[in-house]
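Topology and contacts: notes
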Amino acid sequence: MTTVRLGTLLARPGWRRLALLRRVAAAVLVAAALVLALAPQPAMSGTPVVVTTADLPAGSILRAEHLTVRQWPAALAPAGAVGEIPVADGRVLVGAARAGEPLTDVRLAGAGLSPAGSAGATAVPVRLADAGVAAMLVPGSRVDVVTVGARTDEPVVLAAAATVLAVLPEDGGTSGRLVLVATAPGQAARVAAASLTEQVAVTLRA
């Protein structure tokens, strides 16, 4: 009965038929929108990637509060991307990172190392003029950081038994190779201050 009545109304000429067609079209659109809203959404696909939650300087020791996991399209995820926060927690950031930047394996120094054997250790960069010494260093090497004393035969030890976290690639400059070492906070401050005004070198421990 309803179908016959609807067919009769549609058969009528003029504005009444046009108004009815508009109402039917609007009802169809509303029903479609409701179905789409209630339909289960597909799970987000992608690759989990650990990113930083704040701007971090080079040498920062990463903690869980500095990191979060986001889903990246598999085709856009960088090679070597870190996928789990525990992998990066406690590691040292080789270069500065912006908030939201993905972390990769080459950005993390000292895999499996415990800097200076202490959770309170501080990472500090040391620029070495002697490229030959820098070439002998690898992550995990134990070194003493020294500078020239009042007499050339009496060097001053700025940091003893520091742990090499990373040896950064040559940057084409003339000021020397940059090495990231971890030591006690008080010693790190001495090393950083001396690096600004004095020649700093390292001696390898057996």
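Residues numbered from 1 in each chain as written. Predicted model: local features only at pLDDT ≥ 70, side-chain atom pairs only at ≥ 80, totals over all residues. Heavy atoms only, no water.

Re the sheet that holds strand 7 (residues 156-167)
How we decide: Strand pairing follows a simple DSSP-based rule, namely that at least 2 bridges must link the two strands. Think of it this way: any DSSP run of H or I at least four residues long counts as a helix, any run of E at least two long counts as a strand, and we number them from the N terminus. Every axis in this analysis is a line fitted to C-alpha atoms, fitted for helices over the stretch in contact. Angles between the N-to-C directions lie between 0 and 180 degrees. Should any heavy atoms of two residues lie within 4.5 Å, those residues are counted as being in contact.
Judged by pairing direction, the sheet is antiparallel, and its 5 strands sit side by side in the order 5-8-7-6-9 without closing on themselves. Two strands in the sheet have a free side with no partner beyond their single neighbour: strand 5 (122-128) and strand 9 (200-204). Along the sheet, successive strands turn relative to each other by an average axial angle of 45°, direction set aside. Taken together, the 4 bridges between strand 7 and strand 8 (residues 177-183) define a ladder with antiparallel strand orientation. Bridged to Val167 within strand 8 is Val179. Packing of helix 5 (residues 185-197) onto the sheet brings it into contact with strand 5, strand 6 (142-147), strand 7, strand 8 and strand 9, and relative to strand 7 it is tilted by some 90°.

Notes on the nonpolar core
Test applied: What makes a nonpolar core is a set of buried Ala, Val, Leu, Ile, Met, Phe, Trp, Tyr and Cys residues whose side-chain atoms join them at distances within 4.5 Å. Here's how the labels work: a residue is buried when its accessible area is under 20% of the maximum for its type, exposed when over 50%, partly exposed in between, all with a 1.4 Å probe on protein chains only.
Of all hydrophobic cores here, the largest spans 19 residues; its most connected members are Leu128, Leu137, Val143, Val145, Val181, Val191 and Val202. Elements with a contribution of two residues or more to this core: strand 5, helix 4 (131-136), strand 6, strand 7, strand 8, helix 5 and strand 9. By residue number, the principal contributor to this core is strand 7, which donates 4 residues. Val202 has contacts with Leu128, Val133, Leu137, Val143, Asp144 and Val145, leaving out every residue within four places of it along the chain.

Re unusual backbone geometry
The residue Ala161 is not glycine, and still its phi comes out positive at about 55°. Its location among the elements puts Ala161 in strand 7. You can call Ala161 buried: its relative accessible area is 19%.

Thoughts on the layout of surface pockets
Stated formally: Here the term cavity refers to a set of points on a 1 Å grid, laid over the protein atoms alone, in which a 1.4 Å probe fits but cannot get out; the term pocket refers to an open set having protein on both sides within 12 Å along at least five of seven lines, with lining residues being those that place an atom within 4 Å of a point. Grid points are joined across faces, edges and corners, and a volume is the space filled by probe spheres set on the points. Three residue categories are used. Nonpolar comprises Ala, Val, Leu, Ile, Met, Phe, Trp, Tyr, Cys and Pro, charged comprises Asp, Glu, Lys and Arg, and polar comprises the others, including Gly.
Put simply, the largest pocket is a space of about 300 Å³. Arg127, Leu128, Ala129, Gln199 and Val200 are, among the 15 residues lining the largest pocket, the residues nearest its centre. Listing elements by their share of the lining of the largest pocket, those giving two or more residues are strand 5, helix 5 and strand 9. Its residues assigned to classes, the lining of the largest pocket shows 8 nonpolar, 4 polar and 3 charged.

Things to note about the environment of Asp89
Rules: Residues adjacent in sequence count toward polar contacts only when both atoms are side-chain atoms; beyond that, a polar contact is any pair of N or O atoms within 3.5 Å, and within protein one must be able to donate a hydrogen and the other to accept it.
One can find Asp89 in the loop between helix 3 (85-88) and strand 3 (92-93). Residue classification places Asp89 among the partly exposed residues on the basis of a relative accessible area of 36%. Other than its neighbours up to four places away in sequence, Asp89 contacts Leu62, Arg63, Ala64 and Leu67. Within polar-contact distance, the side chain of Asp89 engages the backbone nitrogen of Ala64 at 3.4 Å.

Re helix 5
The cut-off we apply is this: It is the directions from the helix axis to the C-beta atoms that the arc portrays.
Among all positions of helix 5, only Ala188, Val191 and Ala194 are buried. Take helix 5 and look down its axis: the buried residues cluster within an arc of 130°, on one side only. The exposed residues of helix 5 that point more than 90 degrees off its buried face are Gly186, Leu196 and Thr197. Against strand 5, strand 6, strand 7, strand 8 and strand 9 lie the buried residues of helix 5.

By themselves these figures say nothing about function.
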